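Spelled out, the chains give:
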Amino acid sequence: MPVKKKKKKSKSRISAAIEPPPCVQMKALLKAYQSSVANHSRETCISPDVEHDLKSAILANKFVQKFIITGSGKPISLSLLIKSIRSVSYLKTREIYCWKINVSDSDVIDLALFLEIPCYKNISIIELVDVNLTEFALGRLSRTLPEGKLKKLVLDYNKVGNEGIANLLVCLTGNTHLQHLSVNYCGLSIASGALLAEILGKSVIEHLEVTGNQLQCDGTVNLIDAISSQDLPLKSLLLADNGIDSYGKGSNRGPFMTSKIVRRWITCSQFLQLFDLRDNDIGDLAAREIMDGLTDRKTAGLSSLQLLVTHKIDITLYKAIQTLCKKPKSKSVKKKKRKRK
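Cut-offs applied
Residues numbered from 1 in each chain as written. Predicted model: local features only at pLDDT ≥ 70, side-chain atom pairs only at ≥ 80, totals over all residues. Heavy atoms only, no water. Helix = DSSP H or I, 4+ residues; strand = E, 2+ residues; numbered from the N terminus. Buried < 20%, exposed > 50% of the residue type's maximum accessible area, 1.4 Å probe, protein only. Contact = heavy atoms within 4.5 Å. Lys, Arg positive; Asp, Glu negative; His and termini not counted. Charge placed at Lys NZ, Arg CZ, Asp CG, Glu CD. Salt bridge = Lys/Arg side-chain N within 4 Å of Asp/Glu carboxyl O. Polar contact = N/O pair within 3.5 Å; in protein donor to acceptor, adjacent residues only side chain to side chain. Pairing = 2+ DSSP bridges. Right-handed = clockwise from strand over helix to strand, strands pointing away. Core = buried A, V, L, I, M, F, W, Y, C linked by side-chain atoms within 4.5 Å. Phe/Tyr/Trp six-rings, centres within 6.5 Å; stacked < 30°, edge-to-face > 60°. Lys NZ or Arg CZ within 6 Å of the ring centre and 35° of its normal.

Draft legend 1. How the structure looks around the overall build of the protein. When you go through the protein residue by residue, the secondary structure sums to 12 helices and 9 strands. Overall size of the protein, expressed as C-alpha extent along the three principal axes, is 80 × 80 × 40 Å. Sorting the 341 residues of the protein into buried and exposed places 46% on the buried side. Within the protein, counting contacts between residues at least 6 apart in sequence, those at least 24 apart form 82% of the total. Averaging the positions of the 52 positive and the 32 negative side-chain charges in the protein gives two centres separated by 18 Å.

Set out below in structure tokens:
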């Protein structure tokens, strides 16, 4: 009788069968992290957030994909967490959040090296909020962007300035993954308007947050004029509290001239969904120009957008803008009941 050949199992099935269950991997990672912190120094503490999430995952037999480190009043090391993840070859990390802790240049170097390893390039979100990020650290982190698959990068409340944006420009050129960039309260000035415009033109970013900076009128014009003229697919732009008024030093344009550029953009953009101009004293003339832009947009049959402006304008104008931003209510079609025979 002919001998039947045994079918070879695919490598993916073999690896899936060999891979330890989530609770085992989480226990190994927790043990490695606790040991790493204990052996480092007495001053460094384990992150309560990370420890809690790992213990919860062990009980639930689930993987942890999101690591959150928040300030607890005690020094916490991002490097030790990263080294622990690498030491146990944990490959499920997708998001890293650091909020209000001190992240040193050494921490960022370890993070950058981590992101450059092929098996860790699936990380999609990194948030470094209020972590005292230096210009050098941002420059090193930026070098990981061309080859990584990062979709969202948040750098809020770090005084990276125009130089930091220039570093991002160099490294984001040609990037085909990053969709969301947030640089709120980062000490940006007028010069960053043109730099951000260039970043948008050379990447696929759809959501840009620049709240709490000082782009003023000139920086805003440089940014929005480029978006409009190149028809960039930007879906949301947050420009609240950016000194877009008549008082800014070093700006040659005023709110009315700025509003004309804004009007052209909101009239024609097929992509725009959210535009935030709150906490900018634009005045009534500029507000009217924006209102006319919304009217033009509606006449052209484009979808409505959420446009937020300061309340320090004529109440009639404010209400008119709010009305034009409302989405039309969809008419509910009532089905006719069939008559019983």
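Draft legend 2. Structural detail: the side chain of Asp107. Following the sequence through the fold, Asp107 ends up in helix α5 (residues 105–116). The side chain of Asp107 sits in the buried core without any salt bridge; Lys83 is the nearest counter-charge, 7.6 Å away. Reaching out from Asp107, the side chain makes a polar contact with the side chain of Ser79 at a distance of 2.7 Å. Ignoring anything within four residues of it in the chain, the contact list for Asp107 reads Ser77, Leu78, Ser79 and Asn102.

Draft legend 3. Summary view of the pairing of strand β1 (residues 66–70). Where β1 meets strand β2 (residues 95–99), 5 bridges bridge the pair, whose relative direction is parallel. Paired with Ile69 across the two strands is Cys98, which belongs to β2. Each parallel crossover has a hand, and for β1 linked through helix α4 (residues 78–87) to β2 it is right-handed.

Draft legend 4. Quick peek at unusual backbone geometry. We note that Tyr157 has phi near 60 degrees; this positive angle belongs to a residue other than glycine. Here Tyr157 lies in the loop between β4 (152–154) and α7 (161–172). Phi is positive for Asp279, close to 60 degrees, though the residue is something other than glycine. Structurally, Asp279 can be placed in the loop between β8 (274–276) and α11 (283–299).

Draft legend 5. Quick peek at the nonpolar core. Ranked by internal contacts, the top residues of the largest apolar core, which has 90 residues, are Leu111, Leu153, Leu168, Leu237, Phe275 and Leu307. Among the elements that make up this core, the one with the highest residue count is helix α9 (residues 216–229) (6 residues). Discounting residues that sit within four places of it in the chain, Leu237 has contacts with Leu208, Val210, Leu223, Ile224, Ile227, Trp265, Leu274, Phe275 and Asp276.

Draft legend 6. Quick look at the packing of aromatic side chains. In this structure the tally under the stated criterion is 6 aromatic pairs. Ring geometry for Trp265 and Phe275: centres 5.3 Å apart, planes at 75 degrees, overall edge-to-face. With Trp265 in helix α10 (residues 255–268) and Phe275 in strand β8, the pair connects residues that are 10 residues apart, well separated along the chain. Assigned by exposure class, Trp265 and Phe275 land together as buried. Aromatic ring contacts, followed pair by pair, group Phe63, Phe67 and Tyr90 into a single cluster. Note that Lys92 overlies the ring of Phe63, its terminal NZ or CZ placed 4.9 Å from the centroid.

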